[in-house]
Amino acid sequence: MFTKVVIFGVGLIGGSFARALRHAGAVSTLVGVGRSPQAMARALDLNIIDQVAASVQDAMAGADLVLIAAPVAQTAAILASLLPYLEAGTIVTDAGSTKSDVVVAARAVMKGRVGQFVPGHPIAGRETNGPDAAIVDLYHGKKTVLTPLPENTAGDVEKVAAAWSACGAIIHKLSPQEHDTVFASVSHLPHLLAYALVDDIARKPHAGLLFQYAASGFRDFTRIAGSSPEMWRDISLANQSALLGELDAYLAQLTAMRAMLASGDGAAIEAVYANAQRARCRWIEAIETAEAPPAPGSSPE
């Protein structure tokens with residue numbers, strides 16, 4: 001499918017993309033570009049990439065597809081570094097968790113060539129980072145959201161979609177604004193809450209005792225607080241407006257629940273818990289239905 005794919009940032013996201021493309025036989029050569037020589041050397045040792053680029057110019061020569069898998073605040077600088085060497089047939093995409101700011105950066109840097117940039121966001125992750133965290137099936141059965149620009153050609157969008165499909169992803173499309181509104185609620189706010197809770201407990205004078213007795217419920221609730229602080233700092237600031245709106249709504253919910261608790265209103269508390277349980281069960285059932293393998297003898301639609 002691709003002769004040469006270049007990945008800026010060969011960690012969990014970029015490295016898993018590379019592993020999946022290689023496993024699918026969809027790429028001939030994988031080239032890595034990164035800030036850390038140690039991380040790039042490790043990615044090479046793990047056979048995630050075929051070579052570490054000697055320079056951005058060297059990386060971009062003959063590239064079919066470029067994936068920017070770095071913290072979103074680095075997008076503009078990376079685009080600026082590759083723009084002088086961007087060939088007419090090269091498509092650039094990204095894996096950033098926010099899209100409106102990325103599009104603004106791409107337009108500012110690439111100007112008349114912004115049509116070669118197809119914004120994207122794979123909805124998959126783990127709480128570990130770096131090349132050692134990369135796995136071949138990270139995207140299997142997971143959604144990847146593309147937020148195409150009016151300047152993109154249908155063919156370029158389809159090529160980016162095909163790359164993610166080769167990784168096992170299910171392709172969805174949203175506008176950048178729709179994307180950021182949705183993920184402020186279901187991704188960015190949960191990360192903020194998990195970080196805040198662990199930070200709060202860690203700062204208590206008896207933190208050691210608290211962590212000693214924290215069990216599976218605490219571990220599950222706070223798993224995402226093990227994610228990259230740099231990446232999530234950038235995401236929080238990049239989606240500041242939408243995230244503030246979701247945080248305000250959550251604070252209102254907490255205030256209401258505090259009042260229920262203070263007044264001993266068990267019926268009201270149970271009603272909130274029951275509504276949340278039903279909603280979560282419906283959500284899990286929908287996921288399991290969507291990911292269920294076809295029944296034996298059934299024909300695909």
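Residues numbered from 1 in each chain as written. Predicted model: local features only at pLDDT ≥ 70, side-chain atom pairs only at ≥ 80, totals over all residues. Heavy atoms only, no water.

The name given to the chain in an unreviewed UniProt entry is Prephenate dehydrogenase/arogenate dehydrogenase family protein, with Massilia genomosp. 1 as the source organism.

(A) Here's a closer look at the sheet that holds strand β9 (residues 170-173). With respect to topology, 3 strands assemble into an open sheet ordered β7-β8-β9, the strand pairing being mixed. The open sheet has two edge strands with one neighbour each: β7 (120-122) and β9. The sheet shows a mean angle of 20° between the axes of neighbouring strands, taken without regard to direction. Bridge analysis of β7 against strand β8 (residues 143-146) gives 3 bridges, and the strand direction is antiparallel. Paired with H121 across the bridge in β8 is V145. (Pairing = 2+ DSSP bridges. Helix = DSSP H or I, 4+ residues; strand = E, 2+ residues; numbered from the N terminus. Axes fitted to C-alpha atoms, helices over the stretch in contact; angles between N-to-C directions.)

(B) Highlighting unusual backbone geometry. Positive phi outside glycine occurs at N47, with the angle close to 65°. By secondary structure assignment, the location of N47 is in the loop between α2 (37-45) and β3 (51-52). On the accessibility criterion, N47 (43% relative accessible area) is partly exposed. Phi is positive for K111, which is not a glycine, with a value near 50°. Residue position: K111 is located in the loop between α5 (100-110) and β6 (117-118). (Buried < 20%, exposed > 50% of the residue type's maximum accessible area, 1.4 Å probe, protein only.)

(C) Spatial organisation of the packing of helix α7 (residues 176-202) against helix α11 (residues 240-262). For the pair α7 and α11, interaxial distance at closest approach is 9 Å and the crossing angle is 60°. Crossing angle aside, the handedness with which α7 passes α11 is right-handed. Of the residues in α11, those touching α7 at D180, A184, S185, H188, L189, L192 and L193 are A242, L243, E246, L247 and Y250. Partitioning the contact of α7 with α11 into residue classes produces 8 nonpolar, 2 polar and 2 charged. (Left-handed = near helix turned anticlockwise from the far one by under 90°. Contact = heavy atoms within 4.5 Å. Nonpolar A, V, L, I, M, F, W, Y, C, P; charged D, E, K, R; others polar.)

(D) Region of the structure containing a nonpolar patch on the surface. Among the surface-exposed residues, Y250, L251 and L254 lie close enough to one another that they form a single nonpolar patch of about 250 Å² accessible area. Summarising the element assignment, L254 is placed in helix α11. (Patch = residues over 30% accessible without salt bridge, like charges linked within 9 Å, V, L, I, M, F, W, Y side chains within 5 Å. Areas by Shrake-Rupley, 256 points an atom, 1.4 Å probe, with all protein chains shown as cover. Salt bridge = Lys/Arg side-chain N within 4 Å of Asp/Glu carboxyl O.)

(E) Geometry of the packing of aromatic side chains. Summed over all chains, the structure comprises 3 aromatic pairs. Relative to W164, the ring of F17 lies with its centre 4.5 Å away and its plane at 55°, an arrangement referred to as tilted. Of this pair, F17 sits in helix α1 (residues 12-23) while W164 is found in helix α6 (residues 154-166), placing the two residues 147 residues apart along the sequence. Comparing F17 with W164 shows no difference in burial state: the two are buried. Relative to F218, the ring of F211 has its centre 6.1 Å away and its plane inclined at 70°; by these criteria the two rings are edge-to-face. Judged by its relative accessible area of 36%, F211 falls in the partly exposed class. When its relative accessible area of 22% is taken as the criterion, F218 is described as partly exposed. One aromatic cluster is present, built from ring pairs that chain together F17, Y139 and W164. (Phe/Tyr/Trp six-rings, centres within 6.5 Å; stacked < 30°, edge-to-face > 60°.)

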